[in-house]
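Fold and geometry: a report
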Amino acid sequence: MALQNQSPDAWIPDRWDHEADVVIVGFGAAGAAAAITAQDAMVSVLMLEKAPEGQEGGNTRVAGQGYLNAAPVDDAIAYFKAMAGPYTVPDEMIRVWAEEGAKNNDWVRSIGGDPQEHQHQPVGIEFPDLPGANSVHKYHHGDTVGYSGTWKLFERVVKERDIPVLYETPGKQLIQNPLTREILGVKAEQNGKPVYVKAKRAVILTCGGFENNQEMIRNYLPGIPYCYTTGTPYNEGDGVRMGMEVGADLWHMNNFAGPSMGLKVPEYRTTFSMIALHFSKEMPGGMIVVGPEGERFGDEKYKTSHGKIKVSGRWGPMSVPCPMFMIVDHTLFSSGPIYDKEPSHAWNPIVDRYDWSDDNRAELSRGWIKTADTIPELARIIGVDATNLEGSVERWNGHCQGEEDRDFGRTKMLAPLSQPPFYAVELSPSMLNTQGGPRRNEKAQVVRPDGTPLPRLYSAGELGSMFSYLYQGTGNIGECLSFGRISGRNAAAEKPWA
Ligand SMILES: Cc1cc2nc3c(=O)[nH]c(=O)nc-3n(C[C@H](O)[C@H](O)[C@H](O)COP(=O)(O)OP(=O)(O)OC[C@H]3O[C@@H](n4cnc5c(N)ncnc54)[C@H](O)[C@@H]3O)c2cc1C
């Protein structure tokens, strides 16, 4: 930091390059809700965004676009509490979350949106056995679900209101008064140079999780040595680090919407979804997934609850030994693209738009898919034990003949791997998003380990989300909107320090 030499105010930058009442770090759903709300409170707002213009929006841009408007509130409280399970989320937090979340539709309408309840069935109550589960009501803006529809509303409103956004300007460090602990601004970066941004009332961190930070993944996510995302490549745990540097407590760091299994190649930053693994899709031909020892480890077509499965009465992350290999025969390979080419969400199809070939041949040439005439030869190419892999295929083929997967109870695509040549795709653990980050209170203030607020610092969204154990689909954007508004309101109500 460019500090004034030896002065007692050595922490104050020599200059401020930008200033606003409320400075918001990260332009996704949480940042948009906070910015719009703070502007409604008649204060000036400035947003800092790490991605270039066109790639802002984070996971929100490429999400399924659903948001939760749970109702009635008492049932939502019961459901949110039950989802927290053995992890304690204070009752007051859950109450505020449920009450504010029940106003999401009103707010979307107030900014010109058109809330529509998802019509597809089943409606996607993730834990129907939990109390209050019927409070789940999922909405999106406009006629179509997906394809960035809800995000486009938030983006349009921020732009129409002329809320300034500095793109390609990642927040790097919070500027903190060491005596009062107040957060007075953000040191950001533009073209490799420091930029000092004064926040006269408060800073709100809405810069997402740590989906792309392999060190944090190893440290915090349970049992996986690496994991890649189907979402934005720009969420790298910066908010976690900035919060820790100023003394924030962390919570929910081991919870994440995953793992699933996806193809990650060096040429692309995010994972590709394999259509044969989708629980609701059927393809002809044989397919199994094996771990590094060449053995199956689960039902490849199992529908998890955002990566969680129930074992011995307790929900936990699905087992994903690394590396994993999807093995398919020629019947499946030649039946069409093995990548889900037309999904309505995920970074690759929505932003990077890799055009997977219809016959999978281009990906074979690129080396993303390996092939061999026999299973032992394929095993040699991918580096797994040939006897084990051959045994796994024979055992699977026997299950198919008996029409019962006696190992893992798989009921879908019970077809043998019989038609050579055979193919292998290496799979990595994949996820939608992390849930952990700086702990916040019911006012969206970031708090220290003793629970006291860090003055003038707020947060919202998946960075320090309320989801501690289980996750209900559409809950993340629902929470972005509710805590985005709470943070925007309270940040705007702070008295300016300058
Ligand atoms: C494929 C997919 C589908 C999903 N579907 C749904 C769904 O239908 N419903 C639902 O509720 N949830 C869904 N989720 C989860 C949900 O999208 C996210 O949890 C939510 O959108 C997070 O919003 P956010 O505003 O907290 O963060 P984000 O939307 O991720 O925005 C964070 C922003 O901060 C920026 N940023 C990062 N670091 C910095 C920095 N240092 N300085 C400045 N800016 C920074 C990023 O570039 C990004 O623009 C899905 C996720 C994925 C990946």
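Rules used in this analysis
Residues numbered from 1 in each chain as written. Predicted model: local features only at pLDDT ≥ 70, side-chain atom pairs only at ≥ 80, totals over all residues. Axes fitted to C-alpha atoms, helices over the stretch in contact; angles between N-to-C directions. Helix = DSSP H or I, 4+ residues; strand = E, 2+ residues; numbered from the N terminus. Parallel < 35°, antiparallel > 145°, perpendicular 65-115°, else oblique. Left-handed = near helix turned anticlockwise from the far one by under 90°. Contact = placed C-beta atoms within 7 Å. Nonpolar A, V, L, I, M, F, W, Y, C, P; charged D, E, K, R; others polar. Domains from an automatic or database assignment. Core = buried A, V, L, I, M, F, W, Y, C linked by C-beta atoms within 7 Å. Buried ≥ 20, exposed ≤ 12 C-beta atoms within 10 Å, placed from the backbone. Near = placed C-beta within 6 Å. Pairing = 2+ DSSP bridges.

Contact geometry for helix H3 (residues 73-84) and helix H4 (residues 91-101): axes closest at 9 Å, N-to-C directions at 130°. What the angle tells us is that H3 and H4 run oblique. Our pair here, H3 against H4, has a crossing hand that is right-handed. From H3, Val73, Ala76, Ile77, Phe80 and Lys81 reach across to H4, where they touch Ile94, Arg95, Trp97, Ala98, Glu99 and Gly101. Of the residues contributing to the contact of H3 with H4, the split by class is seven nonpolar, one polar and three charged.

Another aspect to go through is the environment of Ile338. Assignment of secondary structure puts Ile338 in the loop between helix H9 (330-333) and helix H10 (347-352). Along the chain, Ile338 and Ala276 lie 62 residues apart, while their C-alpha atoms are 6.5 Å from each other. If we ignore the near neighbours within four places in the chain, the residues touching Ile338 are Met274, Ile275, Ala276, Phe333 and Asn360.

This part takes up the domain arrangement of the protein. Size of an interface: often given as the accessible area lost when the parts come together. Assigned domains within the protein: domain 1 (18-255 + 433-493) and domain 2 (260-431). Taken over C-alpha atoms, the centre of domain 1 sits 33 Å from the centre of domain 2. Counting residues at the interface gives 28 residues for domain 1 and 23 residues for domain 2. Residue assignment for the side of domain 1 that touches domain 2 shows that the elements contributing at least two residues are helix H2 (58-62) and strand S10 (228-229). Looking at the side of domain 1 that touches domain 2 residue by residue, the class counts come to 14 nonpolar, 11 polar and three charged.

Next up on the list: the nonpolar core. By size, the foremost hydrophobic cluster in this structure holds 91 residues, and its most contacted members are Val22, Val23, Ala35, Val186, Val203 and Ile204. Per-element tally for this core: the top contributor is helix H1 (residues 29-40), with eight residues. Of the residues that make up this core, three or more belong to each of domain 1 (18-255 + 433-493) and domain 2 (260-431). Among all residues touching Val186, those that are not within four sequence positions of it are Val23, Val25, Leu48, Gly171, Leu174, Ile175, Val197, Ala199 and Val203. In terms of nonpolar packing, the next biggest core, distinct from the first, is built from 37 residues, Ile288, Val320, Met324 and Tyr339 among them.

Among the residues of helix H8 (residues 238-245), Asp238, Gly239, Val240, Met242 and Gly243 are the ones counted as buried. Just downstream of H8 lies Gly247, where phi reads positive at about 100°.

Around the ligand, a shell composed of 46 residues is seen, among which Gly26, Gly28, Gly58, Gly231 and Gly461 lie nearest. For the shell around the ligand, the secondary structure elements donating two or more residues are H1, H2 and helix H14 (475-493). Among the elements that line the shell around the ligand, the one with the most residues is H14, at five residues. Here the residues of the shell around the ligand are counted per class, giving 17 nonpolar, 24 polar and five charged.

Residues Met287 and Val289 line one face of strand S13 (residues 287-290) and the alternating positions Ile288 and Val290 line the opposite face, and both faces are buried. Strand direction decides the pairing type here: S13 and strand S16 (residues 324-329), joined by four bridges, are antiparallel. By the bridge assignment, Val289 is partnered in S16 with Met326.

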